[in-house]
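# Notes for the structure review
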Amino acid sequence: TDFVLPQKKATDGSLQSENWALNMEICDIINETEEGPKDAFRAIKKRIIGNKNFHEVMLALTVLETCVKNCGHRFHALVASQDFVESVLVRIILPKNNPPTIVHDKVLTLIQLTRPDRCRNCL
């Protein structure tokens, strides 16, 4: 889909920091199509799971956070699922993975943000 290339660029480990313009472009792509939320969710999840490069994980978490805040209820519902929270977000911060504090804090922020009662801009 149109989402894959911008998502890969936005989570490229060679980036020094977040590319906010690209993150917002990703949100626009997600909001333009019926399958946008599902496609984006799968691609971001794939980028996070098993990735040992915490800089890339942090960039992916930032894309995820941007999408939660800007892509409406359909995206928010996918990220707020118990399965995603437990099998992806919580797994990142397990002690055996030894995540940096910044990643740990971002994950905890996302878990709070994705609570169903926190859905902002829901359609």
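By convention here, each chain's residues receive numbers from 1 onward along its written sequence. Local features in this predicted model are restricted to residues whose pLDDT is 70 or higher, and side-chain atom pairs enter the listing and the counts only when it is 80 or higher, whereas totals over whole chains, interfaces and linings include all residues. The side-chain quantities take in all heavy atoms of the structure and omit both hydrogens and water.

## Here we look at the confidence of the model for the protein chain
What pLDDT reports is the predictor's confidence in each residue, on a scale of 0 through 100. In the predicted model, the protein chain carries a mean pLDDT of 89, and 91% of its residues have values of at least 70. Averaged pLDDT values for the elements of the protein chain fall to 83 in helix H1 (residues 4-10) and rise to 95 in helix H4 (residues 54-70). Numbering of helices and strands starts at the N terminus; helices are DSSP runs of H or I of at least 4 residues and strands are runs of E of at least 2.

## As for the pattern of salt bridges
One speaks of a salt bridge when a side-chain nitrogen belonging to Lys or Arg is within 4 Å of a carboxyl oxygen belonging to Asp or Glu. Considering all chains together, one arrives at five salt bridges under this definition. Linking Glu-56 and Arg-47 is a salt bridge whose minimum nitrogen-to-oxygen distance equals 3.6 Å. The buried label applies to any residue whose accessible area, calculated with a 1.4 Å probe on protein chains only, is under 20% of its type's maximum; exposed applies above 50%, and partly exposed to all values in between. We classify Arg-47 as partly exposed; its relative accessible area is 23%. What emerges from the salt-bridge pattern is a single network uniting Glu-65, Lys-69 and Lys-106.

## Some remarks on the packing of helix H3 (residues 36-48) against helix H6 (residues 82-92)
One way to put it is that H3 packs onto H6 with a least axis distance of 10 Å and a crossing angle of 30 degrees. One element, H3, and the other, H6, form an angle in the roughly parallel class. Here the hand of the crossing between H3 and H6 comes out left-handed. Residues Phe-41, Lys-45 and Ile-48 of H3 touch H6, and the partners they reach there are Asp-83, Phe-84, Val-88 and Ile-92. Polarity classes work like this: nonpolar for Ala, Val, Leu, Ile, Met, Phe, Trp, Tyr, Cys and Pro, charged for Asp, Glu, Lys and Arg, and polar for all others, with Gly in that last group. Partitioning the contact of H3 with H6 into residue classes produces five nonpolar, no polar and two charged. What counts as an axis is a line fitted to C-alpha atoms, over the stretch in contact for a helix, and the angles between N-to-C directions run from 0 to 180 degrees. Any angle from 65 to 115 degrees is called roughly perpendicular, while one under 35 is roughly parallel, one over 145 is roughly antiparallel, and all others are oblique. Note on convention: the crossing is left-handed when the near helix lies turned anticlockwise from the far helix by less than a right angle, right-handed when the turn is clockwise. Residue contacts are counted whenever heavy atoms from the two residues lie within 4.5 Å of one another.

## Observations concerning unusual backbone geometry
Backbone phi values are negative for most residues with the exception of glycine, while trans is the configuration of most peptide bonds. Of note in the backbone geometry, Asn-98 takes a positive phi value of approximately 50 degrees without being a glycine. By relative accessible area, which is 61% here, Asn-98 ends up exposed.

## Brief notes about the packing of aromatic side chains
Here a pair means two rings of Phe, Tyr or Trp (six-membered ring of Trp) with centres within 6.5 Å. Their orientation is stacked below 30 degrees between planes, edge-to-face above 60, and tilted elsewhere. If you walk through the whole model with that rule in mind, you get one aromatic pair. Judged by centre distance (5.0 Å) and plane angle (55 degrees), the rings of Phe-41 and Phe-84 are tilted. Of this pair, Phe-41 sits in helix H3 while Phe-84 sits in helix H6, placing them 43 residues apart in sequence. Phe-84 sits in the buried class, given a relative accessible area of 1%.

## Quick notes on the UniProt feature "domain: VHS" (unreviewed entry) in the protein chain
UniProt positions are given in the numbering used here, feature names are shortened, and annotations may be inferred rather than shown by experiment. Residues annotated in UniProt with the feature "domain: VHS" (unreviewed entry) correspond here to residues 10-112. In residues 10-112, the share of helix is 73% and the share of strand is 0%. The end C-alpha atoms are 23 Å apart.

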